[in-house]
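Descriptive structure summary
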Amino acid sequence: MSNITLDSVTKEFGDLTAVDDVSYIINDDEFFVIVGPSGCGKSTSLRLIAGFETPTSGSISLKGEPIGHLAPEDRDIRMVFQNYALFPHMSVGENIAFGLKMNNVDPETHDSRVADVLDLVGLPDIEDSYPETLSGGQQQRIALARALVLEPDVLLLDEPLSNLDKNLRDRMQVELKRIQRETGVTAIHVTHNQEEALSLADQVCVMNDGVIEQIGPPEEVYYRPRNRFVADFLGDSNTFSATVLNADSDTTELGVADSSVRLVSGAEPSDSDTQTAFFRPEHVGMAEQSPDGTNTFDATVASRLFTGDKIRYQLDIPGETDADGLTLTAFSDSQWEAGQPVRVRVPPEQVLLL
Amino acid sequence: MSGRIERLAWRLAAGGVLLFLFFPLLLVIVISFNPDGFVFPPSGVSLEWYASMLNDSALINAFLLSVGLGIGTAVITLPLVILASVGLRNEGLPGQQYLENVFLFPLMVPEVVLGFALLIYFSSLGLTGSTVGIVFGHIMFTTPFALQTILAAMKGIDTDIEDAAHDLGAGSLQTLAYVTLPMIKPAIIAGAGYVFILSFTNVTMTLFLVGSGTVTIPVEIYQYISFSIDPTVAAVGAVLIIVSTSVVVYMDRVFSVQEISGF
Amino acid sequence: MSSRSYAGIDRLRSVVGGDTSSLVLLLPLVVAFTALFIVPVGQLFSRAFLVDGTISLANFREIFSTGLYIDVIVRTVRISALTTAITMVSGYLLAYYIVFRSSNKRLLLLLVFVTMMVDLVIRIFGWVVAFSSGSILEILTSPFVEDFSILFSETAIVIGLVQFTLPFMIFVTVGVLSNIDDSLVEAARDLGATRAQAFLRLTLPLSMNAIIVGGSLVFALSMSSFVSPQLLGGGRNRMIANTIFSLIGNSGEWGIAAALGFTLLVTTASILVIFIAIVTALLGSDRP
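Residues numbered from 1 in each chain as written. Chains lettered and ligands numbered in written order. Predicted model: local features only at pLDDT ≥ 70, side-chain atom pairs only at ≥ 80, totals over all residues. Heavy atoms only, no water.

**Thoughts on the environment of Leu107(B)**
Turning to its location among the elements, Leu107(B) is positioned in the loop between helix H4 (96–102) and helix H5 (111–125). In sequence terms Leu107(B) and Thr142(B) are 35 residues apart; their C-alpha atoms lie 9.1 Å from each other. (Helix = DSSP H or I, 4+ residues; strand = E, 2+ residues; numbered from the N terminus.)

**Section: the pattern of salt bridges**
For the structure on display, the rule yields 18 salt bridges over all chains. Note that Arg178(A) and Glu182(A) form a salt bridge whose closest N and O atoms lie 2.8 Å from each other. Highlighted residues: Arg178(A) and Glu182(A), both in helix H5 (residues 166–183), separated by four residues, approximately one helical turn. Overall, Arg178(A) belongs to the partly exposed group, its relative accessible area being 30%. Glu154(C) is the partner of Arg78(C) in a salt bridge, and the nearest nitrogen-oxygen pair spans 2.6 Å. One end of the pair, Arg78(C), is in helix H4 (residues 67–101); the other, Glu154(C), is in helix H8 (residues 154–178), and 76 residues separate them in sequence. Residue Arg78(C) is classed as partly exposed on the basis of its relative accessible area, which comes to 43%. Here the residues in one salt-bridge network are Asp28(A), Lys63(A) and Asp153(A), joined through shared partners. (Salt bridge = Lys/Arg side-chain N within 4 Å of Asp/Glu carboxyl O. Buried < 20%, exposed > 50% of the residue type's maximum accessible area, 1.4 Å probe, protein only.)

**Some words on the packing of aromatic side chains**
This structure, assessed with the given rule, holds 34 aromatic pairs over all chains. On the basis of an interplanar angle of 15° and a centroid distance of 5.6 Å, the ring pair of Phe229(A) and Phe233(A) is categorised as stacked. Linking Phe229(A) with Phe233(A), this pair stays in helix H8 (residues 228–233), spanning four residues, or about one helical turn. Of the residues examined, Phe233(A) reaches a relative accessible area of 17% and is grouped as buried. Between Phe23(B) and Trp127(C), the ring centres sit 5.3 Å apart and the planes meet at 50°, which makes this aromatic pair tilted. Of this pair, Phe23(B) sits in helix H1 (residues 2–32) while Trp127(C) sits in helix H6 (residues 120–131), on two different chains. Like Phe23(B), the residue Trp127(C) is buried in the burial classification. The rings of Phe116(B), Phe208(B), Tyr222(B), Phe226(C), Phe245(C) and Trp254(C) are connected pair by pair, giving a single aromatic cluster. For Arg146(A), the ring lying beneath its charged end belongs to Phe87(A), and the centroid distance is 4.7 Å. (Phe/Tyr/Trp six-rings, centres within 6.5 Å; stacked < 30°, edge-to-face > 60°. Lys NZ or Arg CZ within 6 Å of the ring centre and 35° of its normal.)

**Things to note about the environment of Arg345(A)**
Residues and elements named next belong to chain A. Tracing the backbone through its elements, the reader meets arginine 345 in strand S19 (residues 341–345). In sequence terms arginine 345 and glutamate 175 are 170 residues apart; their C-alpha atoms lie 40 Å from each other. When near neighbours in sequence (up to four residues on either side) are disregarded, arginine 345 contacts His283, Val284, Gly285, Thr294, Asn295 and Thr296. (Contact = heavy atoms within 4.5 Å.)

**Observations concerning the confidence of the model for chain C**
Residues and elements named next belong to chain C. Confidence in the prediction for chain C averages 80 pLDDT; 88% of positions are at 70 or higher. With pLDDT under 50 throughout, residues 1–19 is counted as low confidence; its partners more than four residues away or in other chains account for 42 contacts. The ipTM value of the predicted complex is 0.84, and its pTM value is 0.77. (pLDDT = per-residue confidence, 0-100.)

**Some thoughts on unusual backbone geometry**
All names here are of chain A. Even without glycine at this site, glutamate 159 takes up a positive phi of about 45°. Look at glutamate 159 and you get buried, because its relative accessible area is 8%. A positive phi angle, near 55°, is found at asparagine 295, a position not held by glycine. By relative accessible area, asparagine 295 is classed as buried at 4%.

**Looking at helix H3 (residues 58–65) of chain C**
Residues and elements named next belong to chain C. Among all positions in H3, only Asn59, Phe60 and Ile63 are buried. Projected down its long axis, H3 shows its buried positions confined to an angular sector of 95°, all on one face. Away from the buried face of H3 by more than 90 degrees, exposed residues Arg61 and Ser65 are located. (Arc of directions from axis to C-beta.)

**Side note on the pairing of strand S16 (residues 296–306) of chain A**
Residues and elements named next belong to chain A. Note: S16 against S19, five bridges, orientation antiparallel. Within S19, the position partnered with threonine 300 by the bridge is proline 341. Where S16 meets strand S17 (residues 311–317), six bridges bridge the pair, whose relative direction is antiparallel. Bridge pairing in S17 places phenylalanine 306 opposite isoleucine 311. Between S16 and S17, which pair antiparallel and follow one another directly, the connecting turn spans four residues, one of which, glycine 308, has a positive phi of 95°. (Pairing = 2+ DSSP bridges.)

**Here we look at the interface of chain C and chain B**
Taken together, the contact pairs 89 residues of chain C with 90 residues of chain B. Our enumeration of links across chain C and chain B arrives at one salt bridge. Among the salt bridges present, the one from Glu6(B) reaches Arg101(C), with a minimum N-O distance of 3.3 Å. Connecting chain C to chain B are four residue pairs in polar contact (both at pLDDT 80 or more). Counting residues per element, the side of chain C that touches chain B draws most heavily on helix H2 (residues 20–49) of chain C, which supplies 18 residues. In terms of residue class, the side of chain C that touches chain B is made up of 65 nonpolar, 14 polar and ten charged. (Polar contact = N/O pair within 3.5 Å; in protein donor to acceptor, adjacent residues only side chain to side chain. Nonpolar A, V, L, I, M, F, W, Y, C, P; charged D, E, K, R; others polar.)

**Let's talk about a negative patch on the surface**
Residue and element names in this part refer to chain A. A surface patch of negative charge is lined by Asp7, Glu12, Asp20, Asp21 and Asp209. Where the negative patch is concerned, the elements lending two or more residues are strand S1 (2–13) and strand S2 (16–27). In this fold, glutamate 12 is placed in strand S1. Assessed through its relative accessible area of 38%, glutamate 12 is described here as partly exposed. (Patch = residues over 30% accessible without salt bridge, like charges linked within 9 Å, V, L, I, M, F, W, Y side chains within 5 Å. Areas by Shrake-Rupley, 256 points an atom, 1.4 Å probe, with all protein chains shown as cover. Lys, Arg positive; Asp, Glu negative; His and termini not counted. Charge placed at Lys NZ, Arg CZ, Asp CG, Glu CD.)

**As for the sheet that holds strand S12 (residues 252–256) of chain A**
In sheet architecture, strand pairing relies on hydrogen bonds along the backbone and comes in two forms, parallel and antiparallel. Residue and element names in this part refer to chain A. On the basis of which strands lie adjacent, the open sheet formed by five strands has the order S13-S12-S11-S14-S20 and antiparallel pairing. Bordering the open sheet on either side are strand S13 (262–265) and strand S20 (352–353), each of which pairs with just one other strand. Bridging between strand S11 (residues 238–247) and S12 involves five bridges; their strand directions are antiparallel. Its bridge partner being in S12, threonine 243 is matched across the sheet by glycine 255.

Dropping the structure here:
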């Protein structure tokens, strides 16, 4: 069942087109994450859905009913702002009850509803505190509670975790997922952090420069990106421009641009002259010895970067001359030193053509 | 060594300037208790001037009128300015920057000219010497000051907070009432105090607007000084000094003076 | 990046069209402003330029040719210039102290503000008393001064005007000096400059705008002042504002009064506008 539908929505600010002919459907109970670099149009998209901007063209519908003409206060869509936007002159309880008041909910029920939602976000009994006395993480949960107390159809989250340190962010991600599951609300979450997007989302929507690059479940957009932008944005990648040297029914032989190294891909090339070859660092195998085979090379470790959970290596594969080698990014648990020789293999079926 | 002398020199210089500023105020207060009037040194302490002041109905009436005018002016000017600030804050109005500056024009016009212009204007409307006329004049005079204070405070509000209010179901009016205005409460109080004092102490422009039945306290004092120097004036002066000082100190608790001065 | 529009207004705008909603909010103030400021001032100007129904400069010619009025204008400029000089120096001094040398900036500013908010008439009254015979000032200065007749002299007016304009100068200067980055002075001292050198070569040039804006404000305020010259100057030391006031009794002279008023307005407004424009232009090449 579809919940929110965007149909050819465009938003222009003078000469600037922030959102360009964007269409998608967000289903009920879905955790939908819009991710992209700054200026890609993700925040504008959120504001369009919330009602703070009106589309220049196109329509937005909620459960089949168009809402583009409705003011924010008339939509059953609630938002958590990036800097929380808590009312400084009201207590936590009053902040949360504000929406209840504005929507003429029976005053008798306010106290219990406030208490319930505070339990939901894990901050019971702080109705009487004031926002300025709370930590960032607490404020964020109050902002969430304030939006959720109204039991909206759709919950919007505008980079809510950006201001938190990593530990808190990781914990809040788990919390957010849990709350969304418990309440069954449709969540639309905007972030520039691709890790966050991949871990939270049921559907990932990658935006760039006002257009949608790809929409799909996290594994799909990560392992089968549609184009170079998505490939590079969602984590480390090895992407190269390449030309087709030889193609048969199973494999395609590629010449990598500015290099004499040959790659073999299991994918079918498109008709154009240049292809983009792509594979993730985790698919690059590193070993001390290995037999010769397709996509197996001698390489030297150029550099290593210890990032805590894994080690990231840059590997130089020599070409026929000094200048035409190839550098790959690889992940490994094993320890290698810079300058060490290593045997590298990339399974052809993991080399995709974008 | 030179450091200490230098510090002392600075203290003396700054202190001297401050003393200069306060000198007449202190003198007035001293005189108000001096049974010999203006002659120094005082031979004792006496409250006769205060008694004389309280017996002078013209002075009492003028004082009450000034208080009423001050409150009335504040009550009318503040809502006008608040409404206009909300309007001025929205983007999209062409020439809005200019409009803001236009409202500051009265500051550039000398009070004599303002007063005179209003005199001519009111005489053709039959409003000379009326209380209404004085209120109008004061409204026009205090608007730029109030506008500076309120508009600056409004511009400082995080727009996300108002968006949040809308998002939660509040209409424009409700947002204004429950969120925006409460958030700038200090500025509103300061603005009101500021308007009150400006109206209460205004002399030059008001001189052109008063009539025989409607005299404000500053004008009354001015006339006393011009025509007959009576130490009763000192008692009035001392009272006004206390009143003004109290209002300012109270305002400062709410809203730091540095922002009000508008410079 | 996106333009922030207030949702209510945005929607009202799309419903009603144009910027009507903003206009509606501004309307009361605009109406009041037009009725109470623009129209009266406009009428004043028409009085100045209209003689017997025709546009003429007769009023202005009379002002600038009659000895009486010329004296007044010259005196006004003279007194204002002197006041400005004194106020600029003493105001800068106190402001500098408040910003850089004092431990309680807020209290000192409050004190200055308090003096500003006490009725000017009372402050001037204090000086009238100080200048009258038998006062403490006479006693204090008797060893140095033979004839204590300050009252009703230009000197008295200047002192009264300094009283009036000093707080303005102080606030402007404090504002500018507060914006000067402390670390600049520290850097200069670190590189070997003495306090005096740091001041002369760094602080003073950086606070030039205070001096210019403050000075022009003080000058404009002095030029248009009424209370000080009226109470401290006596009949023989009239400034422009007092002259205007004296002419209002006779409506036949309103034309001349209006012309004087117009001249005063144009002069003071121009000074303020020109100097502030110069300063803002200078700020482009200046580092704050």
